[in-house]
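# Examination of the molecular architecture
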Amino acid sequence: MARLAPELGCPRCGYDVSGVVPMWAGQCPLEGTCSECGLTFAWVDIFRPERVHPKWSFEHATKRHVRALLKTVFFALRPARFWSAMSLAAPIRLWRLAVMVLALALVVHIAAGGLAVRVGWESLWVWRPAPAGAVMGWLAGTLTPGTMNFDGWELALLLAWPYSQGFGYDAWRLIGPLGLLALVWGVLVPLPYLVLVDTMKKAKCRPGHLVRGWAYFVPTLFVLVIVDLLVLYLQQLFPATTGWSVLAGALLVFFAAWCVLWWKQFTTAYLRLEQARLVTTLMLTISFLAAVSICLFVDREWVDVAGSCINYFLG
């Protein structure tokens, strides 16, 4: 036991709790309390952390990795159950989290590419006139024979970047302005923890836990992007239908409510912070303002969206 003592750290803040181990006499207590952050933990979680992760966790799976990945993505969309099962003491394996994020990003890219090819299929065919001498059977100077040729290079470009085509306000896009805001917002939610050193010290939380929380929030962003792709695709098919902007706004409101629920479960059931509601509010507020600033800077269409919102509230 003395050999393991230097490696014993609080599951939440990482503070070395091995100093109390030599004071045990006769038996080992079941629970301990971190003197740094006040977390109450089970000693078995520290001595045997490999036993505390859920069986379905892709982050800790030793076999059937694809099945574990699918189960993890499914359970990540049920935050109450997910964060009640995931223990702070479960070893954080960043490379597994990176594999999960990249796998979901690949699926989104393939889906976006398929929709982009479907929407822009006609633009992939180019009319190429025949040589001047091949006018047999045609009225010279009036009709020119030719063929429709498939542009493979244009297809490659479309698959490489299927999210928009063209430039300026006339371009069509498969990620709408409100969908872009929600996506950037979701990506930036943990940012207040990671960039504010004083906040990290007060929360007494290791950055690895925030990376884990962000990685398991990616399935929510995955669903968001897929839904946004479908809405924009339907808008391309039925441009005369009204109410698309209202639907996009409703999806943004639903996403905001889901963010509050999801991250509150993260700070309450997983991090077990005392002021979980305040912490969640600060995280979401700061990241939302940062997301709006980024959208205004990188997306010209967002200038129109912001102007419409200001006129609505002032008028």
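In case you missed it, the structure is sitting above this.
Residues numbered from 1 in each chain as written. Predicted model: local features only at pLDDT ≥ 70, side-chain atom pairs only at ≥ 80, totals over all residues. Heavy atoms only, no water.

## Points about the environment of leucine 115
Looking at the secondary structure, you find leucine 115 in helix α4 (residues 94-119). Classification of leucine 115 by relative accessible area gives buried; the value is 15%. Taking the C-alpha atoms as reference, leucine 115 lies 7.0 Å from tyrosine 233; in sequence the two are 118 residues apart. (Helix = DSSP H or I, 4+ residues; strand = E, 2+ residues; numbered from the N terminus. Buried < 20%, exposed > 50% of the residue type's maximum accessible area, 1.4 Å probe, protein only.)

## Quick word on the packing of aromatic side chains
Evaluation of the coordinates by the stated rule reveals 19 aromatic pairs. Ring centres 5.1 Å apart and planes at 80 degrees place the aromatic pair phenylalanine 41 and tryptophan 43 in the edge-to-face group. Taking the relative accessible area as the measure of exposure, tryptophan 43 reaches 4% and is therefore buried. Centroid distance tryptophan 185 to phenylalanine 255: 5.9 Å. Interplanar angle 75 degrees. Geometry classified as edge-to-face. Of the two residues, tryptophan 185 sits in helix α6 (residues 177-188) while phenylalanine 255 sits in helix α10 (residues 244-270), which places them 70 residues apart along the sequence. (Phe/Tyr/Trp six-rings, centres within 6.5 Å; stacked < 30°, edge-to-face > 60°.)

## A word on α10
Taking 1.5 Å as the rise per residue, α10 with 27 residues should run 39 Å; its terminal C-alpha atoms sit 37 Å apart, in good agreement. Buried within α10 we find Trp244, Leu252, Phe255, Cys259, Trp262, Trp263, Phe266, Thr267 and Tyr270. Buried residues along α10 sit in contact with α2 (65-76), α3 (79-85), α6, α9 (207-237) and α11 (276-298). Trailing α10 by a residue or two, arginine 272 shows a phi angle of about 55 degrees, which is positive. (Expected span 1.5 Å × (residues − 1). Contact = heavy atoms within 4.5 Å.)

## Side note on the packing of α4 against α9
Interaxial distance between α4 and α9 falls to 10 Å at its minimum, and their mutual angle equals 5 degrees. By the criterion of interaxial angle, the relationship of α4 to α9 is roughly parallel. When grouped by side-chain class, the residues that make up the contact of α4 with α9 number 23 nonpolar, one polar and two charged. (Axes fitted to C-alpha atoms, helices over the stretch in contact; angles between N-to-C directions. Parallel < 35°, antiparallel > 145°, perpendicular 65-115°, else oblique. Nonpolar A, V, L, I, M, F, W, Y, C, P; charged D, E, K, R; others polar.)

## What to know about unusual backbone geometry
Non-glycine residue arginine 64 carries a positive phi angle of around 50 degrees. Looking at the secondary structure, you find arginine 64 in the loop between α1 (43-47) and α2. Its identity as a non-glycine residue notwithstanding, arginine 272 has a phi of 55 degrees, on the positive side. In this structure, arginine 272 sits in the loop between α10 and α11. Overall, the relative accessible area of 39% leaves arginine 272 in the partly exposed class.

## With respect to a positive patch on the surface
Positive charge collects at one region of the surface, where Lys63, Arg64, Arg67 and Lys71 lie side by side. Within the secondary structure layout, lysine 63 lies in the loop between α1 and α2. The class for lysine 63 is exposed, based on a relative accessible area of 61%. (Patch = residues over 30% accessible without salt bridge, like charges linked within 9 Å, V, L, I, M, F, W, Y side chains within 5 Å. Areas by Shrake-Rupley, 256 points an atom, 1.4 Å probe, with all protein chains shown as cover. Salt bridge = Lys/Arg side-chain N within 4 Å of Asp/Glu carboxyl O. Lys, Arg positive; Asp, Glu negative; His and termini not counted. Charge placed at Lys NZ, Arg CZ, Asp CG, Glu CD.)

## A closer look at the side chain of serine 287
Looking at the secondary structure, you find serine 287 in helix α11. A polar atom in the side chain of serine 287 sits 3.1 Å from the side chain of tryptophan 185. (Polar contact = N/O pair within 3.5 Å; in protein donor to acceptor, adjacent residues only side chain to side chain.)

## Considerations on the nonpolar core
If you look at the biggest cluster of nonpolar residues, it comprises 71 residues, and the most contacted ones within it are Trp43, Phe82, Trp83, Tyr216, Phe255, Trp263 and Phe266. Contributions of two or more residues to this core are made by α1, α2, α3, α4, α6, α9, α10 and α11. The element that contributes the greatest number of residues to this core is α9, accounting for eleven residues. Residues within four places of tryptophan 43 in sequence aside, it is in contact with Leu8, Val17, Val20, Val21, Trp24, Cys28, Pro29, Leu30, Glu31 and Gly32. (Core = buried A, V, L, I, M, F, W, Y, C linked by side-chain atoms within 4.5 Å.)

## Description of the environment of leucine 8
For leucine 8, the position within the fold is in the segment before β1 (31-33). For leucine 8, a relative accessible area of 4% gives the class buried. Residues leucine 8 and isoleucine 46 lie 38 residues apart in sequence; the distance between their C-alpha atoms is 6.4 Å. If near-sequence neighbours (up to four positions away) are discounted, leucine 8 is found in contact with Tyr15, Asp16, Val17, Ser18, Val21, Trp43, Ile46 and Phe47.

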